[in-house]
Amino acid sequence: MSKIILIIGPSGVGKGTIEKELFKDENLNLSFSISMTTRKKRDNEIDGVHYYFTDKKHFFDLIDQNAFLEYSNHFDNWYGTLVSEVENKLNQNKNVLIEVETNGAVNIINRLKKENKEDKLISIFIVPPSLEELERRIRERNSDSEEQISKRLARAKVELEYKLYFKHIIKNDNINIAINEIKRLIEKG
Ligand code: 5GP
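Residues numbered from 1 in each chain as written. Predicted model: local features only at pLDDT ≥ 70, side-chain atom pairs only at ≥ 80, totals over all residues. Heavy atoms only, no water.

S.K.: Could you give an account of the layout of surface pockets, naming the residues involved and the relevant values?
M.R.: Considered as a void within the structure, the largest pocket measures approximately 1,200 Å³ in volume. Lining the largest pocket are 30 residues, and of these Tyr-51, His-74, Glu-99, Val-100 and Glu-101 lie nearest its centre. In terms of residue count, helix 6 (residues 146-160) provides more of the lining of the largest pocket than any other element does, five residues in total. Looking at side-chain class alone, the lining of the largest pocket contains 10 nonpolar, eight polar and 12 charged residues. (1 Å grid on protein atoms, 1.4 Å probe; cavity = no way out; pocket = protein on both sides within 12 Å on 5 of 7 lines; lining within 4 Å. Points joined across faces, edges and corners; volume = space filled by probe spheres on them. Helix = DSSP H or I, 4+ residues; strand = E, 2+ residues; numbered from the N terminus. Nonpolar A, V, L, I, M, F, W, Y, C, P; charged D, E, K, R; others polar.)

S.K.: I'd love a proper account of the packing of aromatic side chains, names of residues and values included.
M.R.: Tallied over the full model, the rule gives 10 aromatic pairs. Between Tyr-51 and Phe-53, the ring centres sit 5.7 Å apart and the planes meet at 65 degrees, which makes this aromatic pair edge-to-face. In this structure Phe-53 comes out as buried when scored by relative accessible area, which is 18%. When the ring of Phe-59 is compared with that of Trp-78, the centres are 6.1 Å apart and the planes differ by 40 degrees; the resulting orientation is tilted. Separated by 19 residues along the polypeptide, Phe-59 in helix 2 (residues 56-64) and Trp-78 in strand 6 (residues 77-82) bring together distant segments of the chain. By relative accessible area, Phe-59 is classed as buried at 0%. Taken together, the ring pairs in this structure connect Phe-59, Phe-60, Phe-68, Tyr-71 and Trp-78 into an aromatic cluster. (Phe/Tyr/Trp six-rings, centres within 6.5 Å; stacked < 30°, edge-to-face > 60°. Buried < 20%, exposed > 50% of the residue type's maximum accessible area, 1.4 Å probe, protein only.)

S.K.: Any details on unusual backbone geometry? Residues and values, ideally.
M.R.: Positive phi, close to 55 degrees, is recorded for Asn-29, a residue that is not glycine. Its location among the elements puts Asn-29 in the loop between helix 1 (15-24) and strand 2 (30-33). Backbone geometry at Asn-66 places phi at a positive 60 degrees, although glycine is not the residue there. Mapped onto the fold, Asn-66 is located in the loop between helix 2 and strand 5 (68-74).

S.K.: So what's going on with the side chain of Glu-85? Residues and values would help.
M.R.: Note that Glu-85 resides in helix 3 (residues 83-91). A relative accessible area of 6% means that Glu-85 is categorised as buried. Looking at Glu-85, its side chain comes within polar contact range of the side chain of Tyr-52, at 2.7 Å. At a separation of 2.8 Å, a polar atom in the side chain of Glu-85 contacts the side chain of Lys-89. Sequence-distant contacts of Glu-85, that is, excluding residues within four places in its chain, are made with Phe-32, Ser-33, Ile-34 and Tyr-52. (Polar contact = N/O pair within 3.5 Å; in protein donor to acceptor, adjacent residues only side chain to side chain. Contact = heavy atoms within 4.5 Å.)

S.K.: With reference to specific residues and values, describe the packing of helix 5 (residues 131-141) against helix 6.
M.R.: At their nearest, the axes of helix 5 and helix 6 sit 11 Å apart, and the two run at 145 degrees to each other. Seen along the crossing, helix 5 lies across helix 6 with a hand that is right-handed. Contacts between helix 5 and helix 6 involve Leu-131, Leu-134, Glu-135, Ile-138, Arg-139 and Arg-141 on the former and, on the latter, Glu-146, Ile-149, Arg-152, Leu-153, Ala-156, Lys-157 and Leu-160. Looking at side-chain class alone, the contact of helix 5 with helix 6 contains seven nonpolar, no polar and six charged residues. (Axes fitted to C-alpha atoms, helices over the stretch in contact; angles between N-to-C directions. Left-handed = near helix turned anticlockwise from the far one by under 90°.)

S.K.: Break down helix 3 for me, with residues and values.
M.R.: Buried within helix 3 we find Glu-85, Val-86, Lys-89 and Leu-90. Within helix 3, the buried residues cover an arc of 125 degrees as seen down the axis, which keeps them to one side. For helix 3, the secondary structure elements touched by its buried residues are strand 1 (4-8), strand 2, strand 4 (51-53), strand 5, strand 6 and strand 7 (95-98). The first or second residue beyond helix 3 is Asn-93, which carries a positive phi of 60 degrees. (Arc of directions from axis to C-beta.)

S.K.: For the nonpolar core, give the residues involved together with the corresponding values.
M.R.: Core analysis: the biggest nonpolar cluster contains 22 residues, and Ile-5, Ile-7, Ile-18, Leu-22, Ile-124, Ile-126 and Ile-182 have the highest contact counts within it. Those elements giving two or more residues to this core turn out to be strand 1, helix 1, strand 8 (121-127), helix 5, helix 6 and helix 7 (175-188). By residue number, the principal contributor to this core is helix 7, which donates five residues. Within the second largest apolar cluster, 19 residues are counted, among which are Leu-6, Ile-98, Val-106 and Leu-112. (Core = buried A, V, L, I, M, F, W, Y, C linked by side-chain atoms within 4.5 Å.)

S.K.: Got a sec to walk through the pattern of salt bridges? Specific residues and values, please.
M.R.: This model, assessed by the stated rule, comprises 17 salt bridges. With its nearest N and O atoms 2.8 Å apart, the salt bridge here joins Arg-139 to Glu-146. Connected via shared salt-bridge partners are Glu-133, Arg-136, Arg-137 and Glu-140. (Salt bridge = Lys/Arg side-chain N within 4 Å of Asp/Glu carboxyl O.)

And the structure:
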């Protein structure tokens, strides 16, 4: 049975690298759930590839029609996972990776639990070996100011509290081991 896959973790934990590697593995039969947003399209983005871009009126109409599995607001823009998007991909026998932030993921977990559809879900939370190591990795990226680093770390501490909602907790100590563990979870279904 194809599954909904949620991979969550604090910023700097290596989620981007892990997901990139997962998509390279054709055996995983992975497909990305394209979210809908009211945010303005950036120059490098393509409508229908990175997001479905829309306006607030249409977004709110879709909320009224229960078209979203979950939705939320970040920085004054709306983002949502479309039920139709996820179902279409599941119906094509694809495993669907949903890219959301922690709150969105917890909303999906709670909703599927309520609907007795937990067996459709593989929920994975990636943790760093320690907060010190996470800080080292964020600093290594060299792209953040001191203030941004403090904010990221404070946020990471809060986000780590949510790990108990997730069925699988994977420690990213060694990225290749973490990737292989996640591949095995997806293959097992
Ligand atoms: P960005 O505007 O940089 O593409 O994304 C901003 C934030 O929105 C990121 O944290 C991203 O994970 C989150 N996001 C993207 N799509 C969705 C979605 O469908 N639902 C929710 N809840 N968050 C989303």
